[in-house]
Amino acid sequence: MTRCAGRSSRRSYGSGRPAVGRALEIAPAQTAPARRLTVDLTRLQFLSVGCAVGLLTLARGAAGHELVEVRCDHGQRRMLRRPGAGTVSRLVLTEVVRPW
């Protein structure tokens, strides 16, 4: 499982790649034997459009994975659905509601 926390945007990290992006690039190789990747965004404070698209690109290209599950809140789920999460067959968005 890959857990993301803090803010995920190119702007937050200057001209370099966001730390979340780097973690997601490494994750498929580490989870290939299990054929399942779980990405937990529930502690992420901000998800940019660029990072959402990057996550969808990762899910589309996750060769050898039967399932890519993304645990997210309602706003993150909406952000991922807008650029086409519904078109990625192996992607499952699990909405997590946190208690106040």
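Quick notes on the rules
Residues numbered from 1 in each chain as written. Predicted model: local features only at pLDDT ≥ 70, side-chain atom pairs only at ≥ 80, totals over all residues. Heavy atoms only, no water. Salt bridge = Lys/Arg side-chain N within 4 Å of Asp/Glu carboxyl O. Helix = DSSP H or I, 4+ residues; strand = E, 2+ residues; numbered from the N terminus. Buried < 20%, exposed > 50% of the residue type's maximum accessible area, 1.4 Å probe, protein only. Expected span 1.5 Å × (residues − 1). Arc of directions from axis to C-beta. pLDDT = per-residue confidence, 0-100. Core = buried A, V, L, I, M, F, W, Y, C linked by side-chain atoms within 4.5 Å. Polar contact = N/O pair within 3.5 Å; in protein donor to acceptor, adjacent residues only side chain to side chain. Pairing = 2+ DSSP bridges. Right-handed = clockwise from strand over helix to strand, strands pointing away.

Novice: Honestly, the pattern of salt bridges in this entry has me stumped. Any pointers?
Specialist: Two side chains that carry opposite charge are able to pair once their charged atoms sit near each other. Throughout the structure, instances matching the rule amount to 4 salt bridges. Note that Arg36 and Glu69 form a salt bridge whose closest N and O atoms lie 2.6 Å from each other. Remark: Glu69 occurs in strand E3 (residues 67–72) and Arg36 occurs in strand E2 (residues 36–47); sequence separation between them is 33 residues. Note on Arg36: relative accessible area 38%, which makes it partly exposed. A relative accessible area of 8% means that Glu69 is categorised as buried. The network of salt bridges with common partners includes Arg36, Glu69 and Arg71.

Novice: Honestly, helix H2 (residues 49–60) in this entry has me stumped. Any pointers?
Specialist: Each full turn of the α-helix corresponds to 3.6 residues, which orients residues three or four apart in the same direction. Here H2 is 12 residues long and its end C-alpha atoms lie 17 Å apart, about the 16 Å a rise of 1.5 Å per residue gives. Of all the positions in H2, only Cys51, Ala52, Leu55, Leu56, Leu58 and Ala59 are classed as buried. Taken end-on, H2 shows its buried residues confined to a sector of 155°, consistent with a single buried face.

Novice: Even after reading the chapter, I still don't get the confidence of the model for the protein chain, so can you show me in this structure?
Specialist: Parts of the model with low pLDDT should not have their predicted coordinates read in detail. On average, residues of the protein chain carry a pLDDT of 77, and 67% of them reach 70 or more. Element-level pLDDT for the protein chain is lowest in strand E1 (residues 2–8), with a mean of 50, against a maximum mean of 95 in strand E4 (residues 91–95).

Novice: Explanation requested: the environment of Gly64 in the structure shown.
Specialist: For Gly64, the position within the fold is in the loop between H2 and E3. What makes Gly64 partly exposed here is its relative accessible area of 38%. Gly64 sits 29 residues away from Arg35 along the chain, and the two C-alpha atoms are 6.0 Å apart.

Novice: Help me understand the nonpolar core in this model?
Specialist: In a soluble, globular protein the nonpolar side chains are often hidden away together inside. Counting 20 residues, the largest nonpolar core has Leu41, Leu47, Leu55, Val70, Leu80, Leu91 and Leu93 as the members making the most contacts within it. When residues of this core are traced back to their parent elements, those giving at least two are E2, H2, E3 and E4.

Novice: What's the story with the side chain of Asp40 in this structure? I'm lost.
Specialist: Structurally, Asp40 is set in strand E2. Among the polar contacts made by the side chain of Asp40, one reaches the side chain of Thr42 at a distance of 2.5 Å.

Novice: Please clarify how the pairing of E2 should be interpreted in this entry.
Specialist: Side-chain direction in a regular strand flips from residue to residue, so the side chains alternate between the two faces of the sheet. Alignment of E2 against E3, held across 5 bridges, turns out to be parallel. Pairing of Asp40 across the sheet is with Arg71, part of E3. Following the chain from E2 across H2 to the adjacent parallel E3, one finds a crossover that is right-handed.

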